[in-house]
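Read off the chains here:
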Amino acid sequence: LKASAAVIAGVKIVTVAVPVLGGLVVLYFADPSQCRLFPPCPIHVATGLYCSGCGATRALHCLLHGDVSGAMAKNPLVVVALPFIVLLCLRPSLAQKPALPIVILAILLAYAVLRNIPLYPFVLLAPH
Ligand SMILES: [Zn+2]
């Protein structure tokens, strides 16, 4: 039984941790605002509107370089949500709450609406 738990842990590391760390290494060295490795957001290209993920890749690139204010300028939700995402990864049992997907969806939808309002202070939510 212990051996199978170790195998499962190893599979999780190989299938989740290695790709995530590999992606972070690529994101560290490749600036999304400078290179074409990262495609633009299809929602923004099609509509001109910012989705809740717009600027997230650039924000993560900034965070990997210790630039928190730059990350906040690109996508403040990523900066605020990142500790919770890490917590949910470390404690998956917390993600078992039935209301969590609804709360997350509501936050993402509200954020997408608010960051497209062309008035202060909402403009601070748009990537800049
Ligand atoms: Zn987008």
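Quantities reported herein were computed from a predicted structural model and do not represent experimental measurements.

Colleague: I keep staring at the overall build of the protein chain and nothing clicks. Help me out?
Modeller: In terms of regular secondary structure, the protein chain is built from 6 helices and 0 strands. Taking the principal axes of the C-alpha coordinates as reference, the protein chain spans close to 60 × 35 × 30 Å. Here the protein chain holds 128 residues, and the buried ones make up 21% of them. Put simply, 47% of the contacts in the protein chain that link residues at least 6 apart link residues at least 24 apart. Total accessible area on the protein chain stands at roughly 9,000 Å², and carbon and sulfur atoms take up 77% of it.

Colleague: I tried to follow the nonpolar core on my own but got confused; where do I start?
Modeller: Grouped burial of nonpolar side chains is what soluble globular proteins tend to show. Counting 6 residues, the largest nonpolar core consists of A56, A59, C62, A71, V78 and V79. Among the elements of the structure, α3 (56-64) and α5 (76-90) are those that each provide at least two residues to this core. Looking at which element gives the most residues to this core, the answer is α3, with 3 residues. Not counting chain neighbours up to four residues away, the residues in contact with A59 comprise A71, K74, N75 and V78.

Colleague: What is the right way to look at the environment of H65 in this model?
Modeller: Within the secondary structure, H65 sits in the loop between α3 and α4 (68-74). H65 sits in the partly exposed class, given a relative accessible area of 40%.

Colleague: I tried to follow the coordination of the zinc ion on my own but got confused; where do I start?
Modeller: Every protein donor of the zinc ion is accounted for by C41 (SG), C51 (SG) and C54 (SG), and the metal-donor separations fall at 2.1 to 2.2 Å. The sequence pattern describing where the donors of the zinc ion fall on their chain is C-x9-C-x2-C. Pair noted here: C41 is in the loop between α1 (2-29) and α2 (42-47) and C51 is in the loop between α2 and α3, with a separation of 10 residues, a long-range link. By the burial criterion, C41 is buried, and C51 matches it.

Colleague: Honestly, the packing of aromatic side chains in this entry has me stumped. Any pointers?
Modeller: For any pair of aromatic rings, the description consists of the separation of the ring centres together with the inter-plane angle of the planes. Throughout the structure, instances matching the rule amount to 1 aromatic pair. With a centroid separation of 4.9 Å and an interplanar angle of 80 degrees, the aromatic rings of Y28 and F29 are classed as edge-to-face. A relative accessible area of 35% means that Y28 is categorised as partly exposed.

Colleague: Sorry if this is basic, but what is going on with unusual backbone geometry here?
Modeller: Cis geometry marks the peptide bond from Y120 to P121, where omega comes out at 5 degrees. Topologically, P121 is positioned in the segment after α6 (100-114).

Criteria and thresholds
Residues numbered from 1 in each chain as written. Predicted model: local features only at pLDDT ≥ 70, side-chain atom pairs only at ≥ 80, totals over all residues. Heavy atoms only, no water. Helix = DSSP H or I, 4+ residues; strand = E, 2+ residues; numbered from the N terminus. Buried < 20%, exposed > 50% of the residue type's maximum accessible area, 1.4 Å probe, protein only. Contact = heavy atoms within 4.5 Å. Areas by Shrake-Rupley, 256 points an atom, 1.4 Å probe, with all protein chains shown as cover. Core = buried A, V, L, I, M, F, W, Y, C linked by side-chain atoms within 4.5 Å. Donors = N, O, S within 2.8 Å, 3.2 Å for Na, K, Ca; no water. Phe/Tyr/Trp six-rings, centres within 6.5 Å; stacked < 30°, edge-to-face > 60°.

All we've got here are geometric facts, nothing functional implied.
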